[in-house]
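Analysis of the macromolecular model
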Amino acid sequence: MVGVLSRPGLFRWLLAVLLTCCLTPLYAASQPSHVAALAWLEDPAGNLTLDEVRGRELTPFSGLLSRGYTPSVIWVRLTLDPGSERADDDLIVRMRPSYLDEIRLFDPFYGVDGSKVSGDRYPIANDSYPSLYFNFSVPAGDRSRDIWLRLHTASTAQIHVDVLASKDALVLDRTHELMFMVYLAALLLFFGWGLVSWLSHREKVMGAFVIKQLIALLYSLAYLGYFRMVWPDTLWSTLTPDRFTSFLVLSMVTAAIFFDYHFLKEFRAHRGLLKIMQLLLGVYPVLLLLLFSGQIREALLINNLLVISFPVLSVVTALSIPAERQGAAEESLLPKRYVVTLYVLVLISVSMSSLPAAGLVKGVEWTFSGYLMYSLFTGAMVLVMLQIRANYMRRQRLTLAGALRTAEQRAELEEARRLEQAQFLAMLTHELKTPLAVIRMVLSAPEKTETMLSRAEYAISSMGAVIERCLQVDRLEDNRIETDLSDCRIDQELRELVENTGRADRISVGPLEPLTTRLDVSLFRMIVANLLDNALKYGDASSPVHVLAKAQEWEGQKGLRVEVSNLAGKSGMPDAEQLFQKYYRDPKARKETGSGLGLFLVEGLARLMEGRVEYAPKDNRVRFRLWIPLR
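Residues numbered from 1 in each chain as written. Predicted model: local features only at pLDDT ≥ 70, side-chain atom pairs only at ≥ 80, totals over all residues. Heavy atoms only, no water.

In the contact formed by helix α5 (residues 204-223) and helix α7 (residues 241-265), the axes pass within 8 Å of each other and the chain directions differ by 155°. What the angle tells us is that α5 and α7 run roughly antiparallel. In this structure, α5 crosses over α7, and the sense of that crossing is left-handed. Contact residues: K204, V205, A208, F209, I211, K212, I215, A216, L218, Y219 and A222 in α5; T245, L248, V249, S251, M252, A255, A256, F258, F259, H262 and F263 in α7. For the contact of α5 with α7, the residue count by class is 17 nonpolar, 3 polar and 2 charged. (Axes fitted to C-alpha atoms, helices over the stretch in contact; angles between N-to-C directions. Helix = DSSP H or I, 4+ residues; strand = E, 2+ residues; numbered from the N terminus. Parallel < 35°, antiparallel > 145°, perpendicular 65-115°, else oblique. Left-handed = near helix turned anticlockwise from the far one by under 90°. Contact = heavy atoms within 4.5 Å. Nonpolar A, V, L, I, M, F, W, Y, C, P; charged D, E, K, R; others polar.)

With that out of the way, let us pick up the sheet that holds strand β16 (residues 612-615). Overall, mixed pairing links the 5 strands, which are arranged β12-β14-β15-β17-β16 in an open sheet. Lying at the two open borders of the sheet, with one neighbouring strand each, are β12 (507-512) and β16. Going from strand to strand, the sheet's axes swing by 15° on average, the running direction of each strand aside. Bridge count between β12 and strand β14 (residues 545-551): 4 bridges; the pairing is parallel. Counted as the bridge partner of L512 is A549 from β14. Strand contacts of helix α14 (residues 490-500): β12, β14 and β15 (559-567), with the helix running at about 180° to β12, the strand carrying the most contacts. (Pairing = 2+ DSSP bridges.)

Turning our attention to the pattern of salt bridges. According to the stated counting rule, one finds 22 salt bridges in the structure shown. Here the residues in one salt-bridge network are R561, E563, R612, E614 and R625, joined through shared partners. (Salt bridge = Lys/Arg side-chain N within 4 Å of Asp/Glu carboxyl O.)

All right, on to the sheet that holds strand β9 (residues 145-152) then. One open sheet holds the 6 strands; their spatial order is β2-β1-β4-β9-β6-β7, and the pairing between them is antiparallel. At either margin of the open sheet sits one strand with a lone partner, and together these are β2 (59-61) and β7 (112-118). Taking the axes of each pair of neighbouring strands and ignoring which way they run, one obtains an average angle of 30° across the sheet. The sheet contact formed by strand β6 (residues 102-107) and β9 spans 5 bridges and is antiparallel. Directly across from I103, in β9, lies its bridge partner L151.

This part takes up the packing of aromatic side chains. This structure, assessed with the given rule, holds 15 aromatic pairs. Clustering of aromatic rings is evident, with ring pairs tying together F209, F259, F263, F267 and Y343. One Lys or Arg, R202, reaches over the ring of W198 and ends 4.3 Å from the middle of that ring. Over the ring of F259 we find K212; its NZ or CZ atom is 5.5 Å from the centre of that ring. (Phe/Tyr/Trp six-rings, centres within 6.5 Å; stacked < 30°, edge-to-face > 60°. Lys NZ or Arg CZ within 6 Å of the ring centre and 35° of its normal.)

Secondary-structure assignment places F263 in helix α7. Considering only alpha carbons, one finds F263 and K204, 59 residues apart in sequence, at a separation of 8.9 Å. Not counting chain neighbours up to four residues away, the residues in contact with F263 comprise V205, L334, V339, L342, Y343, V382 and M385.

Written out as C-alpha cells, the structure is:
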C-alpha cells in the first residue's frame, strides 16, 4: 500500500484507472453490433399503443439518445440485422444506463407485446440475460426486422441501445466487470486512506472528503448496476433500487458541495464565493422533501441544475485563491495551479454527463463516465495533498526535533555551567576561608611573632595558588594557551623545580637521565609543579616524594617519562575514577587548601603537549606518570 501511495505510484495507479474508464467505451464499440438503424418518438401523454406509434414518423438517431428530464414516454425503434447468426441463436438487447426505471420490449414478429420488462424497479430475475445492464434476449431470426422499446423513467430519459450476439455480450460483460472493479478499488483506496487520515488528525476537510467518498462509492455501485444484482427480495415491495439511487444522486451532489467548500476554504478562497457554496447546501433538505413526497423527477431536475452550475462556481472560487499565500502552515497545501487544474477537469468531466442528461447537448457513450471521473479526480488530488502534507509534517517534525535537541543541549549546557559555577563558588568559599581566617588572626594579634607572620605568608601563597590555578584552567578551557617550543635540559629543569618548592628536603630526585628536547617549558613546569604540590600536600609527611625521569617509547614513538610518587598520607589513596575530574577532592583531603583543579589542569596541559598523564598506584604509593614526546 505504501508503494501505491508514493507520488510515482499514485500517478501510475490513477493513470491505470483513467485508461480503464476510457478504454471501456472503445472496447464496447469494437464488438460487432446487430443494430442496423435507430429511431425515436416522444409520447407526451404516454398512452400511445404500438400500432399508433408504428403509424407515426420517427426521428432517426445514433449512439446515445438524450431527452432530458421529461415526463413523456420515449419509444425507440431498433432495426435488427441478424448478420451471420443462425435464426434460432439469441441476440442480447443491451440498454444503458443502469438507473432507468422501466423499459418494455415489443417484438411483433415473435408476438412479444410489452410483457417483457426491465429496469431498476424490477428484480434482475425478470431479465432473460442477467448482467449489470438491462437486457432482453431475442431470437436472431433469418431476416432484418424492427423491435420496439418503450422507456418511461423519473430520471433523465437517456438511453444507449446495442444488440450483441450472446457470446460477445458475455465477453463484454466480464471485461466491463473487471474494469469496474479496478475503478471501485481506486475509490475504496481513496476512502480508506482518507478515513485513516481523518482518524489520525480529525480535520474538517478530511471528514468532508470521507463522507463524499463514501457516498461516491455507494453511488458508483448503484450507477454501475451492482445494487440491482444484490438487492434483497424482501425490499422490492417497499424500497426499490431506483428510489435509493435517486437518494444517492441527491446526496452525492450535496456531499461534493460540502467537500469543495471545506477544501477551497483551506486555500483562503474568496469569502463571498464560499458563502454561496454554504447557501447551496440548504437546497438539500428541499430536494429530499420533493423526493420523499413522490416528486422524484422534479428533485432530480433541480439537482441536475446544481450539477451543471456548481462546477463553474468551483472553478471561479479556485481562481480566487490568493496567488501568494502567507503562513508557514500553508506550505502543506497544493499549489494554486493544481487546484485550478483539478476543478477545470471536474467541470469538463461533469459537464460531459450533466449537459446531455439535461437534454441540452447530444451525448456520446463517454457521457456515462463523466460523473465517475469526478470522484476519481478529487480522490487522487486529495491523496496528493495528503502526500504533500505528510512530507511537510515530516519536515516539521524533523525541524521541531532538531530544535528540541538544540534546546535540550542548550539547557544541559546551562545546567552544567550553573553547576560548575556553584562548584567553583563552593570551592573558593571553602579553600579561601581557612587562609583568610589565618590572615585575620595574624592582623588582629597585638604582637606578631615570626611564626605568625610565616603562617600568614603561607596563607597568602595558598590563596595565590588557588587563584592561579583557576586562571590557568580558564585559559585551558577557552583554548587560549598556545605552545611555544624551546630547547630544554630535562634533568636541570626538574632540579630547579624541586628547589623552587621550598621543601627540597622532602623530595628525592633521581635517577635523572641527561635528556635534551624541544618542548613548551612553561607548560612542562606547570605540570610538574602541580604534581609535586599534590604529592607534598597529601603524601605522608614522614616519607619522601620520589621524582625520576628517563627516556621511554610509547606506541613506537620516542618520548620522556617523568614519574612523581609518594606514600599515601592521612587522606588515603585517591579515587582513580574521579581523580582527573574538575573540582574533585577526596573528602579526607579537605583539611588542606586546594582547588580540586590541579590534576584536571595537569591532564589538559599534557594533552596540549601531545602527551599523556596516568595514575599508576603501586601498593600504598600514589604514583603519577607523565609522558611527552621527544623532539
